[in-house]
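# Chain and residue survey
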Amino acid sequence: MASRGLVRFVSRVSSSGLRPLSSTSVCRATLQNKHVTDKATSPWTLMAAVCLQRLPVISSDLSPIEQQFKHMLSQMELEKSMLSDHELRLLEDKERMSRKQANDYDSDDEDGRGDQDIVLTQDLEDSWEQKFKSFQPAPRVRADVDENLTSPERCLADSLLLLVEQQVGGQKMWLLPQTQWQEGETLRQTAERALSSLSGAGFKATFLGNAPCGVYKYKLPKAIRTESSVGTKVFFFKAILSDSSRPAAPTSPFLWVTKGELQRYLKPAYMAKVDRFIPQV
Amino acid sequence: MAVALSRCLCRVLTRQAAPSSFLLGGHHHAVQSPWFAPAMTLKTSAPLRAEPKKKKKVDPRREQVIRDRLKKKLKKLEKVPPELIPIEDLIIPTKCLDETRERSAPRLPFEESEGRALLLKEWSRYKQEQHMAEVQAVELALDAQREALEELKLESEELYQAALKPDPLLFPFTHKGPTYTPPKTDYEAPDGKYNDITKVYTQ
């Protein structure tokens, strides 16, 4: 642990360029050589994949302890509070009604507005109640939409992840959309290309930064392995879905899955790596 | 020029005066003619005989200085510190101090208060677990990113440098958070009128 830290410190110091001249020239030469050798003989194929998330649209349901606590908090707040204007009016009305019902009632003793008899506070409350009931909000949970795995509007309380079925090495499997890196573009551009080409047009996404959030590397089976291609490294880039318009014609089958459903679709080794950077919500 | 003229005049007068007094002998109360006034009748004192005062520059400067001093004094007196803008949140409105608004505090039975205390403890435990899980998740994500960057560095230096560059187009980033009910696709919000009565203070 300490040695790792030391190595990192040394590498950071070297990259800051505060070394004497002789060693810089030597290092630059070696870097260039390494760069050339990398370009020529890097045995790993580079791929970039995009981890597109649709963030939750509605708040999730409260767990039992949260419900209990919410109830208790509201009770405590009510006890500690003061009477509001509306409650004072209710009390006044009640008092006036009781005085009216009394036998020795004299309406001339009343001071205050005369129209308070016409519109009682209770009536006001009832009218507000009516108005509230007349508004129908959209339903929180729609079972039919939840069943449809291809719709980005399922499971509004969780965050969804885009999965695409791709052919990898002769085998069809579900994974995050990925393509091979080409010369002259950064890995993020590769990821953007992967998103636009594989899952059809219409997914507007905001990529979060230039740095990859995870890596998955696998070696090719021994039969196919050669000197120049040992395996593949897949770099993942995070993106957030900004506008869910329907894609015109999806080029390959895709799914929107929650974190819990991921296990059903992804291979175990892949899932282990991807699980680390996908947040719970 | 005026100085020269006056100087000439003086000399002329003295020249004129000297022979006339000599001639007249004892006539000290000489002829009172303005042109031949003897020098001695002129009230000459040392400062007068010296260079005439340059009144045109000194006086305005002095007056200016006096006026500046007065103005400074006025400014100092008028300098009132600006009135502080009241923070309306910190002023307790008089409505709250009204005694008629006090609620009758209910007497809670022992079980109720016990139940509340126990629920509070459970809640703090639940929240602590949630927080620990969040912190762990963040650490895991950071670990994954660090690993990815290390692998990328092993692969190619230029891609690594490109990955380290900050993205200038990302910020300002906005995203609408979750609401209780999802938005209705075909809802037309009714137009409302409102009167803005916020008090605006100027210093």
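In this text the structure is predicted, and so the values were computed from the model without any measurement. (Residues numbered from 1 in each chain as written. Chains lettered and ligands numbered in written order. Predicted model: local features only at pLDDT ≥ 70, side-chain atom pairs only at ≥ 80, totals over all residues. Heavy atoms only, no water.)

### Considering the overall build of chain A
- The helix and strand inventory of chain A stands at nine helices and eight strands.
- Every one of the 281 residues in chain A was classed for burial, and the buried ones make up 35%.
- Contacts in chain A between residues far apart in sequence, at least 24 positions, make up 71% of those at least 6 positions apart. (Helix = DSSP H or I, 4+ residues; strand = E, 2+ residues; numbered from the N terminus. Buried < 20%, exposed > 50% of the residue type's maximum accessible area, 1.4 Å probe, protein only. Contact = heavy atoms within 4.5 Å.)

### Quick notes on the pattern of salt bridges
- Taken as a whole and assessed by the stated rule, the structure comprises 19 salt bridges over all chains.
- E155(B) is paired through a salt bridge with K233(A); the nearest N and O atoms lie 3.2 Å apart. With one member in each of two chains, E155(B) in helix 4 (residues 110-155) and K233(A) in strand 7 (residues 231-244) form a pair that bridges those chains.
- Note that D143(B) is salt-bridged to R146(B), the shortest N-O span being 2.6 Å. With a gap of three residues between them, D143(B) and R146(B) both fall in helix 4, about one helical turn apart.
- Judged by its relative accessible area of 31%, D143(B) is partly exposed.
- Given a relative accessible area of 28%, R146(B) falls into the partly exposed group.
- Through salt bridges with shared partners, a single network forms among K217(A), K233(A), E151(B) and E155(B). (Salt bridge = Lys/Arg side-chain N within 4 Å of Asp/Glu carboxyl O.)

### Some words on unusual backbone geometry
- The step from F171(B) to P172(B) runs through a cis peptide bond, and the omega angle for that step is -5°.
- Tracing the sequence through the fold places P172(B) in the segment after helix 5 (157-164).
- Positioned with a positive phi, C155(A) is a non-glycine residue whose angle comes to about 50°.
- Looking at where C155(A) falls in the secondary structure, it is placed in the loop between helix 6 (143-147) and strand 2 (160-168).

### So, the confidence of the model for chain B
Residues and elements named next belong to chain B.
- Looking at chain B, pLDDT values average 80 and 72% of them are 70 or higher.
- Least confident of the elements in chain B is helix 1 (residues 2-24), whose mean pLDDT is 52; most confident is helix 4, at 95.
- Here residues 17-27 is a poorly scored stretch, pLDDT under 50, and it has three contacts once near neighbours within four places are set aside; other chains count.
- Overall fold confidence (pTM) sits at 0.68, and the ipTM for the predicted complex is 0.75. (pLDDT = per-residue confidence, 0-100.)

### Description of a nonpolar patch on the surface
- A contiguous nonpolar surface patch, about 290 Å² in accessible area, is contributed by L208(A), F171(B) and F173(B).
- Relative to the helices and strands, L208(A) is located in the loop between strand 5 (203-207) and strand 6 (214-219). (Patch = residues over 30% accessible without salt bridge, like charges linked within 9 Å, V, L, I, M, F, W, Y side chains within 5 Å. Areas by Shrake-Rupley, 256 points an atom, 1.4 Å probe, with all protein chains shown as cover.)

### Topic: empty space enclosed by the protein
- With the rule as written, the count across this model stands at three cavities of 30 Å³ or more.
- Residue assignment for the lining of the largest cavity shows that the elements contributing at least two residues are helix 7 (187-198) of chain A together with helix 5 of chain B.
- For the lining of the largest cavity, the leading source of residues is helix 5 of chain B, giving three residues.
- Its residues assigned to classes, the lining of the largest cavity shows five nonpolar, two polar and one charged. (1 Å grid on protein atoms, 1.4 Å probe; cavity = no way out; pocket = protein on both sides within 12 Å on 5 of 7 lines; lining within 4 Å. Points joined across faces, edges and corners; volume = space filled by probe spheres on them. Nonpolar A, V, L, I, M, F, W, Y, C, P; charged D, E, K, R; others polar.)

### Some details on the pairing of strand 3 (residues 171-175) of chain A
Residues and elements named next belong to chain A.
- Looking at chain direction, strand 2 and strand 3 are connected through five bridges and run antiparallel. Considered in strand 3, the bridge of E165 is made with W174.
- Counted between consecutive antiparallel strands, the loop separating strand 2 from strand 3 contains two residues, among which G169 sits at a positive phi close to 60°. (Pairing = 2+ DSSP bridges.)

### A closer look at the interface of chain B and chain A
- Across the contact, 49 residues belong to chain B and 60 residues belong to chain A.
- In this assembly, chain B packs against chain A so that about 4,900 Å² is buried in total across both faces, 59% of it on carbon and sulfur atoms.
- If you sort the residues of chain B by the area they bury against chain A, R101(B), R103(B) and E155(B) come out on top, with a joint share of 16%.
- Across the pair R276(A) and E147(B) runs a salt bridge, and its minimum N-O distance is 3.2 Å.
- At the boundary of chain B with chain A, the tally comes to 22 residue pairs in polar contact (both at pLDDT 80 or more).
- Those elements giving two or more residues to the side of chain B that touches chain A turn out to be helix 4 and helix 5 of chain B.
- Counting residues per element, the side of chain B that touches chain A draws most heavily on helix 4 of chain B, at 21 residues.
- For the side of chain B that touches chain A, a count of residues per class yields 25 nonpolar, seven polar and 17 charged. (Buried area = accessible area lost by both parts, 1.4 Å probe. Polar contact = N/O pair within 3.5 Å; in protein donor to acceptor, adjacent residues only side chain to side chain.)

### A few points about helix 7 of chain A
All names here are of chain A.
- Taking 1.5 Å per residue as the helical rise, helix 7 with its 12 residues ought to reach 16 Å, and the 16 Å between its terminal C-alpha atoms agrees with that figure.
- Every buried residue of helix 7 is listed here: L187, R188, T190, A191, A194, L195 and L198. Buried residues of helix 7 fall within an arc of 160° about the axis and therefore sit on the same side. (Expected span 1.5 Å × (residues − 1). Arc of directions from axis to C-beta.)

### Examining the nonpolar core
- If you look at the biggest cluster of nonpolar residues, it comprises 27 residues, and the most contacted ones within it are L52(A), F235(A) and W256(A).
- For this core, the secondary-structure elements that each account for two or more residues are strand 1 (44-54), strand 2, helix 7, strand 5, strand 7 and strand 8 (254-257) of chain A together with helix 4 and helix 5 of chain B.
- Grouped together as the second largest cluster of nonpolar side chains are 25 residues, M173(A), Y216(A), F236(A) and Y265(A) included. (Core = buried A, V, L, I, M, F, W, Y, C linked by side-chain atoms within 4.5 Å.)

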